[in-house]
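Tertiary structure, described
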Amino acid sequence: LQGVSVPYNSLTGTIPAEYANLRNLIQLEVHGNLLTGSIPVEFFEVGSMALQNFNVGDNLLSGKLDTRIGLMTDLKGLHIFQN
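The following refers to the structure shown.

Cut-offs used in this document
Residues numbered from 1 in each chain as written. Predicted model: local features only at pLDDT ≥ 70, side-chain atom pairs only at ≥ 80, totals over all residues. Heavy atoms only, no water. Pairing = 2+ DSSP bridges. Helix = DSSP H or I, 4+ residues; strand = E, 2+ residues; numbered from the N terminus. Core = buried A, V, L, I, M, F, W, Y, C linked by side-chain atoms within 4.5 Å. Buried < 20%, exposed > 50% of the residue type's maximum accessible area, 1.4 Å probe, protein only. Contact = heavy atoms within 4.5 Å.

Moving residue by residue along a regular strand, the side chains alternate between the two faces of the sheet. Of the pairings in the sheet, the one linking strand 2 (residues 12–13) to strand 4 (residues 34–37) comprises two bridges and is parallel in character. Considered in strand 4, the bridge of T12 is made with L34. Looking at chain direction, strand 4 and strand 6 (residues 60–61) are connected through two bridges and run parallel. Counted as the bridge partner of T36 is L60 from strand 6.

Here's what the structure looks like:
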């Protein structure tokens, strides 16, 4: 699995930490939903993911962005607006 794209589907709950186990995932787009909580710290562990596009904008997320996001060297697009 290389991509998950489910924008504007009224999804609720938190972003599943298990997504970090999807080593080949390069695109995660869950913007425009009703997701809460914070971005799981598992996403920021070295070598956990190959994400290139990470769009969690326009949700209800809260908390601080983990500083280890800088370790996501493949990341080209990060969208965290309107949370």
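Okay, back to it.
Counting residues in hydrophobic clusters, the biggest one holds 17 residues, and the most contacted among them are I15, L28, I39, F43, L51, F54 and V56. In contact with F54, other than residues within four places in its own chain, are L28, I39, F43, L75, G77, L78 and H79.

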